[in-house]
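Single-letter residue listing:
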Amino acid sequence: MPHSVRVRFAPSPTGPLHIGGVRTALYNFLLARKLGGTFILRIEDTDQARFVPGAEAYILESLAWLGISPDEGIGVGGPFEPYRQSERKTMYKAYADELIQSGKAYYAFDTSEELDAMRTTFESQGSAFQYNAVTRVKLRNSLALSKEEVDQLLANDTPYVIRLKVPAKGEIRFQDIIRDWVHVHTSSIDDKVLMKSDGMPTYHLANVVDDHIMQITHVIRGEEWLPSAPLHILLYQAFGWNPPHFAHLPLLLKPEGNGKLSKRDADLGGFPVFPLEWKDPQTGAISKGFKQEGYLPEATLNFLAFLGWNPGTEQELFSLEDLIEAFSLERINKAGAKFDVKKAQWFNEQYLKQHDAKELAATYLPSIEMEKGEAYVHLFLDRITFPQQLEQMVQEFSGFPENYDESVLASKWNAETKQALEIIVASLPLCHDWHADQIKQTIQECLDQAGIKMGKVMQLFRVAMSGKGAGPDLMISLELWGKDQVLARLNKALEKFPTI
Ligand code: GLU
């Protein structure tokens with residue numbers, strides 16, 4: 001076993017990479033970076049029937065967007081090339097043959113019709129068929145048939161699969177880093193197919209062989225693979241290899257916490273469960289992506305890191321560097337993690353505020369002159385969740401109000417505030433330096449002279465300007481509207497407000 005940590009993310013290109021897969025990649029990456037190890041990206045594409053064009057490129061783009069960069073593997077290269085399993089096809093056969101030689105695996109010639117018939121017979125007797133130590137003796141395989149029969153079948157090119165000979169009796173034990181000891185009796189495991197009749201290895205064989213060859217020290221993957229782990233341990237034993245350490249990550253649960261998160265929940269809730277937008281190559285259907293919805297990469301990373309892990313402190317905002325520093329497998333929870341989209345939005349709001357206003361203005365308000373765009377960004381930044389909301393905010397801000405907040409009018413519109421608005425209309429033309437501070441000072445002075453407290457009229461003034469009882473900083477808003485427009489808005493309001 002090498003001294004330094006070697007971990008891998010091993011997705012199958014069967015569709016868009018789920019956000020849970022991105023979390024798996026992130027945890028692997030964090031551990032490697034933390035311990036000065038190597039993070040490997042391997043593509044597990046041995047299931048040709050489930051291969052989806054574009055899915056591999058999607059995986060690479062998603063990881064690149066988030067800065068989860070592999071040190072070795074697809075797109076990078078490394079000492080164990082190729083890293084795409086379909087390109088390693090011939091190698092797996094030699095390993096399967098090795099198990100046949102050592103008596104740990106066997107040829108099975110049963111046709112799918114024969115196996116279906118078996119299943120039906122078992123079902124009619126109220127039980128489920130398993131290809132295992134009990135049934136294998138009555139089936140068409142190299143354990144049940146004579147050597148001559150087997151040689152003949154092989155010589156005739158009869159299609160076969162290679163199955164693992166799972167011991168009839170025995171207990172498999174391993175200590176998962178997150179779940180602690182896992183015990184499984186071999187009788188609950190069937191004689192899994194290792195090589196398919198098309199000459200392709202199954203996931204189990206390819207995965208174990210590659211993890212061994214690539215000297216993987218820690219297998220960190222989703223909980224859905226926990227049931228496969230005992231079989232993998234058996235395979236390591238069959239080959240006489242030391243297994244890596246295992247860490248099975250907690251499930252991602254629906255936002256309410258009841259049950260596994262599904263794409264359907266996401267569709268119903270209107271939130272994404274994929275890192276990037278995905279267009280199904282067959283149906284053309286579009287699935288939302290975090291990126292296109294306006295989530296920033298740093299917010300997405302922070303949100304994902306907290307889905308199942310916590311630093312054990314109150315700190316919530318972690319840059320990628322901070323995460324590397326703080327991460328440990330020991331602080332990952334066993335219990336499923338609620339996919340709380342509100343929390344993702346909160347992270348986005350926090351990181352958005354840290355973004356450079358110039359950059360945001362240039363990207364999201366490209367048609368607005370730079371200085372003004374930047375001022376808009378400052379005005380709206382703590383009122384938005386996603387940067388693309390800026391444009392709409394500016395649009396709403398620029399339009400004249402059609403309606404005025406009735407409840408503010410009912411409580412604040414009276415002879416005194418009417419007089420105050422009239423004073424403001426008269427005073428503003430006197431303000432020659434149209435900046436928030438100066439505007440405020442001018443208004444203040446004129447109201448003081450009339451003995452009216454500024455606080456009494458400000459909300460009404462806001463309603464006169466924007467129609468709304470609440471909004472961004474009023475003085476800066478006035479500056480941005482410009483003197484003419486402010487006066488026009490005020491005059492319109494005085495016209496439209498009920499007569500007193
Ligand atoms: N190819 C498997 C997947 O799609 C890999 C599981 C594992 O990490 O062992 O997730």
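Everything below is about the structure shown above.
Chains are numbered independently. Their residues run from 1 in the order of the written sequence. Reporting of local features is limited, given that this is a predicted model, to residues whose pLDDT is at least 70; pairs of side-chain atoms are given and counted only at 80 or more, and all residues count toward the totals for whole chains, interfaces and linings. Side-chain numbers come from the whole structure's heavy atoms, not from hydrogens or water.

(A) Examining the layout of surface pockets more closely. Points on a 1 Å grid, built from protein atoms alone, make a cavity when a 1.4 Å probe fits but cannot get out and make a pocket when they are open with protein on both sides within 12 Å along at least 5 of 7 lines; residues with an atom within 4 Å of a point are the lining residues. Grid points are joined across faces, edges and corners, and a volume is the space filled by probe spheres set on the points. The volume enclosed by the largest pocket comes to roughly 920 Å³. Residue lining of the largest pocket: 38 residues in total, with P11, S12, G21, E224 and W225 positioned closest to the centre. Numbering of helices and strands starts at the N terminus; helices are DSSP runs of H or I of at least 4 residues and strands are runs of E of at least 2. When residues of the lining of the largest pocket are traced back to their parent elements, those giving at least two are β1 (6-9), α1 (19-34), α6 (203-213) and β9 (218-222). For the lining of the largest pocket, the element with the highest residue contribution is α1, accounting for 4 residues. Considering only enclosed or pocket space, the second largest pocket measures out at about 360 Å³ in volume. Lining the second largest pocket are 19 residues, and of these D110, S112, L115, V161 and R163 lie nearest its centre. Where the lining of the second largest pocket is concerned, the elements lending two or more residues are α4 (112-124) and β5 (161-164). The element contributing the most residues to the lining of the second largest pocket is α4, with 3 residues. Gly is put with the polar residues, along with every residue not named as nonpolar or charged; the nonpolar set is Ala, Val, Leu, Ile, Met, Phe, Trp, Tyr, Cys and Pro, and the charged set is Asp, Glu, Lys and Arg. Here the residues of the lining of the second largest pocket sort into 9 nonpolar, 5 polar and 5 charged.

(B) Examining the side chain of T46 more closely. For T46, the location among the structural elements is in the loop between β2 (38-41) and α2 (55-66). Burial classification: accessible surface area is computed with a 1.4 Å probe over protein chains only, and a residue below 20% of its type maximum counts as buried, one above 50% as exposed, and the rest as partly exposed. Take T46: its relative accessible area is 4%, and that puts it in the buried class.

(C) Representation of the site of the ligand within the structure. As a structural note, the neighbourhood of the ligand is formed by R8, A10, P11, S12, E44, Y203, N207, R221 and W225. N207 has a polar side-chain atom sitting 3.0 Å from an oxygen atom of the ligand. As used in this structure description, the phrase polar contact means that two N or O atoms lie within 3.5 Å; if the pair is within protein, one of them must be able to donate a hydrogen and the other to accept it, and residues adjacent in sequence are counted only when both atoms belong to side chains. Here an oxygen atom of the ligand and a side-chain polar atom of R221 are 2.8 Å apart. Protein burial of the ligand: of its 290 Å² of free accessible surface, 85% is covered by the chains. Pocket occupancy is defined atom-wise: a molecule lies in a cavity or pocket when more than half of its atoms are within 2 Å of its grid points. Placement of the ligand is best described as lying within the largest pocket. Taken together, the residues that form the shell around the ligand break down as 4 nonpolar, 2 polar and 3 charged. We define proximity as follows: a residue is near a molecule or strand when any one of its heavy atoms falls within 4 Å of that partner. Here the open area of atoms and residues is found with the Shrake-Rupley method and a 1.4 Å probe, where only the protein chains shown may cover a residue.

(D) A look at the sheet that holds strand β8 (residues 193-195). Whether two strands pair depends on DSSP finding at least two bridges between them. Pairing in this open sheet of 3 strands is antiparallel, and the strands run β4-β5-β8 from one edge to the other. Here the strands that pair on one side only, and so sit at the sheet edges, are β4 (105-108) and β8. Neighbour to neighbour, the strand axes of the sheet diverge by 45 degrees on average, direction disregarded. Bridge count between β5 and β8: 2 bridges; the pairing is antiparallel. Its bridge partner lying in β8, I162 is registered against M195. Axes here mean lines fitted to C-alpha atoms, for a helix over just the part in contact, with angles spanning 0 to 180 degrees between N-to-C directions.

(E) Quick peek at the pairing of β4. Residue alternation in β4 divides its side chains into two sets, A105 and Y107 and Y106 and A108, and both sets are buried. Two strands pair when backbone bridges link them, and β4 and β5 are joined in this way by 4 bridges, in the antiparallel orientation. Bridge pairing in β5 places A105 opposite L164.

(F) Representation of the packing of helix α13 (residues 357-364) against helix α14 (residues 370-380) within the structure. Running from amino to carboxyl end, α13 crosses α14 at an angle of 110 degrees, the nearest separation of the two axes being 8 Å. Classified by the angle between their axes, α13 and α14 sit roughly perpendicular to one another. Contact with α13, carried on its side by A357, K358, L360, A361 and A362, involves M370, G373, E374, V377 and H378 of α14 and no other residues of that element. Of the residues in the contact of α13 with α14, the class split is 6 nonpolar, 2 polar and 2 charged. Roughly parallel covers angles under 35 degrees, roughly antiparallel covers those over 145, roughly perpendicular covers 65 to 115, and oblique covers all other angles. Contacts were defined at the residue level, with two residues in contact if any of their heavy atoms lie within 4.5 Å.

(G) How the structure looks around the environment of F461. Topologically, F461 is positioned in helix α19 (residues 454-466). Owing to a relative accessible area of 0%, F461 belongs among the buried residues under this scheme. Separated by 153 residues in the primary sequence, F461 and G308 have C-alpha atoms spaced 49 Å apart.

(H) Just unusual backbone geometry, in detail. Between E81 and P82 the backbone carries a cis peptide bond, its omega angle lying at -5 degrees. Checked against the element boundaries, P82 lands in the loop between β3 (72-73) and α3 (89-101). Phi at D180 is positive, roughly 65 degrees, even though this residue is not glycine. Position of D180 relative to the elements: it lies in strand β7 (residues 180-185). A relative accessible area of 39% means that D180 is categorised as partly exposed. A positive phi angle is found at Q215, which is not glycine, with a value near 60 degrees. Examined against the element boundaries, Q215 turns out to sit in the loop between α6 and β9.

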